[in-house]
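Notes for the structure review
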Amino acid sequence: MPSSLLVLVGICTTGPAPQIQWPGLAGERKAVKTVSPIPSVLSKSGPSDGIQMIGTMVRVMMFQSRLIEIGITGWILRMFCVPFSGPKLRLVLFWNGTLIRLPTGFCASFANSSALIPANAVVCPEGAPPICAPAAVIEVVVPNLLSTVAPGDASLVLRTTTLITNAWFDAIAPYSGWTGVYSSLGVLTGGDSERNIALLYASHEVLLSLMPQFADDWDGILDGFGLSPDNNVVDNSPAGVGNRAGAAVVAAREHDGMNQLGDASGSLYNLRPYADTTGYEPVNKGERLLNPRRWQPDTRTTGSGIFSTQQFVTPQWAETQPYSYSKPTLIAPFPTKSYAVRPNGVPLPAYRAQADEVLAVQAALTDRQKLLAEFFDDKIHSLGFSTLATALALGLDLRQFVQLDFLVNAAAFDTGITVWKNKRRYDAVRPFSAIAYLYPDTAITAWGGPGEGTVSDITGKEWRPYLQTANHPEYPSGSASFCRAHATATKLYLEQIAGLDPDAANDLSYWTPAIPIAGAPLTVPAGKSRIEPDVTPAAETTLGWNTWDDFSEECGISRLWAGVHFFDSIPAGQDIGEQIGTEVFNWMKARLQDTPE
């Protein structure tokens, strides 16, 4: 193997620069600049050559540089080199030595180094989980996504996560023995390095379609792995496979009924992405309940004089193309209690009883119930992190993680389409509207608001639920259905694909705060509730579940604790999630068994 020797004597400084200062190498946007007291010459390598570097150096590096510590006395530094011609070479330096933290905000390392530069390789650090590439995508996507929507905006959150994981699934298909959903790219030779490159480029394509305003961040994901965002090849290289797979997902989904681009009406200017295409109009007004059976948009206030009234979020989700079936056909049972109002407006006992149940539950909320209501309202931390925890705890490989992550997202996505169809069908009243209708000026015993505890002098029209009511009709519960679909699909995958016995497939006791990243949301320090800061919980509280069944059940009942659903909405949603979670798993299993040609 061709080799060259590079010895740096004295002090070597490293930091961001527009060019790599080595002869024969052109720098990138986030290139690393290396300056040594003596000239250094790095021989120019051919497209598939490797380079071995042996030397001793002292490095000074600012904290904002990428630094991954291994143990106590060593660290790994990633550097990227781009020749003027030929494919990109990725340089990974593994350092074993002494890392000294200085109070000035710098690190100094005294070490011997050895490195090998494989051409076009994207590998996870030794000892790290094999999902570093998808994890890097998640790390960048989540904060950007949550800067545009709330964690509980299920239709928009799930669309984003489902299309990204679909792109991963299709991108690694040629290297993994299955056919993609929207692309059939044959069978190619490759391992995790090729899979990583392909799924990174596929992610890039889909993200540019979903959230083009963050293009620099999507480019940065590729930059972080030493890959060029401008590599638009459409050949059988890993980058070409990723570009083709991602583009196929975009082509299939930009006009799938969700009105992602806002051009469904034929408009060319001032487009409104995800605007309603169904013509839905609420019967009730934000400040006036005309029909106590039907959904009323809530009017919110910032507390500073600004008021806004809800609009049914993406009612056209009910008409979006599912993965595992052609059109939604499951019909939830009729919400008898929510419609138990005479034509003259007189409420029947069943209508009053379900509203009183919500008030009673809210008046007796425990700290744990409040925290679970907040936790399950966040679809990223509850659904998304549960899959990450499973991958880390069970040691799933890259292919298994991609399969499972796409499966559970598609299960929730397809479930949501049917649930939204039922929400539009019944257009049922939310608890805050029913309680204000029943007890407008009557003092009731209920939760009095953040930090107020249970009070007995609040009127029905003053009462608000523990969580903000979502911007869509009440029945059936979306969250209950998503969690049941997620849990059902996960258990089936772990049993029938990963080979666990039924009890082990249902086990979730491994999801603890000890799990890296995914375990963080499970521990809530005293006074760190989102709704009741400085009050709830009274003492540090750790969340967790023994089984996926427990997870699904508490997710469902948390919507009653939150005060945003009546009880009957929960099993109605769970029944839909159970059926569609199973249906999506069977669809996925058949696809994995369909060997590509």
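The coordinates are above.
The following paragraphs examine the structure supplied in this document. (Residues numbered from 1 in each chain as written. Predicted model: local features only at pLDDT ≥ 70, side-chain atom pairs only at ≥ 80, totals over all residues. Heavy atoms only, no water.)

1. What about the pattern of salt bridges?
Here the structure, examined in full by the defined rule, presents 16 salt bridges. Between Asp-256 and Arg-159 there is a salt bridge, with the nearest N and O atoms lying 2.9 Å from each other. Of this pair, Asp-256 sits in the loop between helix H5 (238-253) and strand S8 (299-301) while Arg-159 sits in helix H2 (residues 154-172); the two residues are 97 residues apart in sequence, bridging distant segments of the chain. The same class applies to Asp-256 as to Arg-159, namely buried. Arg-294 is the partner of Asp-427 in a salt bridge, and the nearest nitrogen-oxygen pair spans 2.9 Å. With a gap of 133 residues between them, Asp-427 in the loop between helix H9 (398-426) and helix H10 (431-438) and Arg-294 in the loop between H5 and S8 connect regions that are remote in the sequence. A relative accessible area of 1% means that Asp-427 is categorised as buried. By sharing partners, the salt bridges in this structure join Arg-159, Arg-253 and Asp-256 into a single network. (Salt bridge = Lys/Arg side-chain N within 4 Å of Asp/Glu carboxyl O. Helix = DSSP H or I, 4+ residues; strand = E, 2+ residues; numbered from the N terminus. Buried < 20%, exposed > 50% of the residue type's maximum accessible area, 1.4 Å probe, protein only.)

2. A few points about the packing of aromatic side chains
Applying the stated rule across the entire model yields 29 aromatic pairs. One aromatic cluster is present, built from ring pairs that chain together Phe-169, Trp-178, Tyr-182, Trp-317, Tyr-323, Phe-406, Phe-413, Trp-420, Phe-482 and Trp-587. The lysine or arginine in question, Arg-253, covers the ring of Tyr-323, its NZ or CZ lying 4.3 Å from the ring centre. Its guanidinium or amino end placed over the ring of Phe-432, Arg-464 lies 5.2 Å from that ring's centre, counting from NZ or CZ. (Phe/Tyr/Trp six-rings, centres within 6.5 Å; stacked < 30°, edge-to-face > 60°. Lys NZ or Arg CZ within 6 Å of the ring centre and 35° of its normal.)

3. A few points about the pairing of strand S11 (residues 454-459)
The sheet contact formed by strand S10 (residues 443-447) and S11 spans 4 bridges and is antiparallel. Bridge pairing in S11 links Trp-447 to Thr-454. Between the antiparallel neighbours S10 and S11 lie 6 residues, among them Gly-449 with a positive phi of about 115 degrees. (Pairing = 2+ DSSP bridges.)

4. Observations regarding the packing of helix H7 (residues 367-377) against helix H13 (residues 548-561)
For the pair H7 and H13, interaxial distance at closest approach is 9 Å and the crossing angle is 105 degrees. In terms of axis orientation, H7 runs roughly perpendicular to H13. Seen from H7, the contacting residues are Arg-368, Gln-369, Leu-372, Ala-373, Phe-375, Phe-376 and Asp-377; seen from H13, they are Phe-551, Glu-554, Cys-555, Ser-558, Arg-559 and Trp-561. Residue composition of the contact of H7 with H13, grouped by class: 7 nonpolar, 2 polar and 4 charged. (Axes fitted to C-alpha atoms, helices over the stretch in contact; angles between N-to-C directions. Parallel < 35°, antiparallel > 145°, perpendicular 65-115°, else oblique. Contact = heavy atoms within 4.5 Å. Nonpolar A, V, L, I, M, F, W, Y, C, P; charged D, E, K, R; others polar.)

5. Here we look at the state of the cysteines
In protein chemistry, a disulfide is the covalent bond that joins the sulfur atoms of two cysteines. Under the counting rule described, the total for this entry stands at 2 disulfides. Paired through a disulfide, Cys-124 and Cys-132 show a sulfur-sulfur distance of 2.1 Å. A torsion of -90 degrees about the S-S bond marks the disulfide between Cys-124 and Cys-132 as left-handed. Across the pair, exposure class does not vary: Cys-124 and Cys-132 are buried alike. Each sulfur in the disulfide pair Cys-483 and Cys-555 lies 2.0 Å from the other. What sets the handedness of the Cys-483 and Cys-555 disulfide is the S-S torsion sign, and at about 70 degrees it is right-handed. Here Cys-483 is found in helix H11 (residues 478-496), whereas its partner Cys-555 is found in helix H13, with 72 residues between them in sequence. Residue Cys-555 is classed as buried on the basis of its relative accessible area, which comes to 0%. Sequence-ordered numbering of the bonded cysteines in the protein yields a pairing of 1-2, 3-4. (Disulfide = S-S within 2.5 Å.)

6. With respect to unusual backbone geometry
Residue Tyr-475 is joined to Pro-476 through a cis peptide bond whose omega torsion reads -5 degrees. Assignment of secondary structure puts Pro-476 in the loop between S11 and H11. With an omega of -5 degrees, the peptide bond between Thr-536 and Pro-537 qualifies as cis. For Pro-537, the position within the fold is in the loop between strand S12 (523-524) and strand S13 (541-542). Within the chain, Thr-314 stands out as a residue other than glycine whose phi angle is a positive 40 degrees. Position of Thr-314 among the secondary structure elements: in the loop between strand S9 (307-309) and helix H6 (349-363). The buried category is assigned to Thr-314, whose relative accessible area is 4%. Of note in the backbone geometry, Asp-534 takes a positive phi value of approximately 70 degrees without being a glycine. Among the structural elements, Asp-534 can be located in the loop between S12 and S13.

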